[in-house]
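A closer look at the structure
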Amino acid sequence: MPYSGYAYALGVPSQKTDDFLYALGCCLKHLGGVPQVVVPDNLKAAVIKADRYEPVLNRVMEDVANHYSFAVLPARPVRPKDKPTVERTVQLIYQRVYAKLRNQVFFSLAELNAAISQTVTALNQTRMQQHSYSRQEKYLAEEKACLKPLPGSGFEIKYYADLTVMANNCIYLARDKQYYSVPFQYIGNKVQIIYTRTLVRIYKGGACIATHQRATGAGYTTAVEHFASTHQHHMRRSPAYYIGKAHEKSASLTRLIERIFEVEKIPELAFRNCDALLSLQRKTDPLVFEKSCRIAYDNDLMSYKRLEAIITQCALLDAQNQMAIPFPKHGNIRGKDYYQ
């Protein structure tokens, strides 16, 4: 803080945007208020393009500034005079915090930050050489009252993506390996995804059309009302469409796809799996495919990956059976030589 010289320091794993903004949030919480202006250096975590007159801020940094209601005025490049108090405080942190801890061994970041907090508190409470008060006393007496109150909730970093709604009523968020459902009217449309640590919001034309709790790990997060089948609308792709396509190819595949739609309560979620099974049928020997479908049906293994694995095993066993030649009952010929 430039008026009192009150300091705050925190150890983080990196200078990436997430870590930088986490540290900034912790700093404001520690101060107990929000300043009118924040003056950062031109690190990439906050500033995309440094410029003396019109610097370009990182989009996430803009979100933080809007959330806490402060202005961001990056220092001019190669101009330490824009924030001399900060530069002096950085020097003090190295001399009175880092220097005291440099020979100690810490086994976690939390342990390191506990030591940093204790040492920085001592720095803030020490009387300054040319004044009769400490940095903390001056901050509490004259500077803290000038801060704006903190918002009611902490800031959550927002991430952005532009994706197309697929035929199964979902968008696929690759970062989470998760499908999120979208109302069926938007199939084929490009939508904007804004997601935080806890929520996924889907927008079209500036309006929020779907909201989901964020999930991780491969799977589906859906709302039943998003799907056409719940509104009695008929699409080109339907259970009847896939069962008819399977009936043209294979009796065993027909039974398997019928079973898939019996188990899946939301038919649209099975469409991609059915597409994959039809594609697999085109690329597989008919006899091996029929046998594999029967095994999959009998054991309730209905996913593309499971059927593909069964086909591989069946093809391997068939190949081994065709190559198998009985060894002679008499003679000294070794098995390897006999096969050769």
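Described below are features of the structure shown in this document. (Residues numbered from 1 in each chain as written. Predicted model: local features only at pLDDT ≥ 70, side-chain atom pairs only at ≥ 80, totals over all residues. Heavy atoms only, no water.)

Thoughts on the layout of surface pockets
Using a probe with the size of a water molecule, rolled over the atoms, empty space left in the structure can be pinpointed. Roughly 1,900 Å³ of internal volume is contained in the largest pocket. Lining the largest pocket are 49 residues; nearest its centre among them are Tyr8, Ala9, Cys27, Val86 and Val90. Elements with a minimum of two residues in the lining of the largest pocket: helix H1 (17-31), strand S1 (37-38), helix H3 (84-101) and helix H4 (109-125). Residue composition of the lining of the largest pocket, grouped by class: 36 nonpolar, seven polar and six charged. (1 Å grid on protein atoms, 1.4 Å probe; cavity = no way out; pocket = protein on both sides within 12 Å on 5 of 7 lines; lining within 4 Å. Points joined across faces, edges and corners; volume = space filled by probe spheres on them. Helix = DSSP H or I, 4+ residues; strand = E, 2+ residues; numbered from the N terminus. Nonpolar A, V, L, I, M, F, W, Y, C, P; charged D, E, K, R; others polar.)

Re the state of the cysteines
Tallying each qualifying case throughout the model produces zero disulfides. You can see Cys27 has no disulfide; the closest cysteine sulfur is in Cys26, sitting 8.8 Å from it. Cysteine Cys146 remains unbridged, with the sulfur of Cys27 as its closest cysteine sulfur at 16 Å. The exposure class of Cys146 is exposed, given its relative accessible area of 57%. (Disulfide = S-S within 2.5 Å. Buried < 20%, exposed > 50% of the residue type's maximum accessible area, 1.4 Å probe, protein only.)

What about helix H7 (residues 251-263)?
Since the α-helix advances by 3.6 residues per turn, residues separated by three or four positions end up pointing in the same direction. Relative to the 18 Å expected for 13 residues at 1.5 Å per residue, H7 spans 19 Å between its end C-alpha atoms, a close match to the ideal helical length. Regarding H7, the residues found buried are Ser252, Leu253, Thr254, Leu256, Ile257, Ile260 and Phe261. Measuring from the backbone nitrogen of Ser252 back to the side-chain oxygen at the start of H7 gives 3.3 Å, which picks out Ser250 as the cap. (Expected span 1.5 Å × (residues − 1). Polar contact = N/O pair within 3.5 Å; in protein donor to acceptor, adjacent residues only side chain to side chain.)

Structural notes on the pattern of salt bridges
Overall, the coordinates contain seven salt bridges when judged by the stated rule. Among the ionic pairs, Arg127 bridges to Glu137, the shortest N-O distance being 3.3 Å. With a gap of 10 residues between them, Arg127 in the loop between H4 and helix H5 (135-143) and Glu137 in helix H5 connect regions that are remote in the sequence. Its relative accessible area of 52% is what places Arg127 among the exposed residues. The class of Glu137 is partly exposed, set by a relative accessible area of 37%. Here Arg259 and Glu262 are joined by a salt bridge, their closest N and O atoms 3.3 Å apart. Of this pair, Arg259 and Glu262 are both found in helix H7, three residues apart, which corresponds to roughly one turn of the helix. (Salt bridge = Lys/Arg side-chain N within 4 Å of Asp/Glu carboxyl O.)

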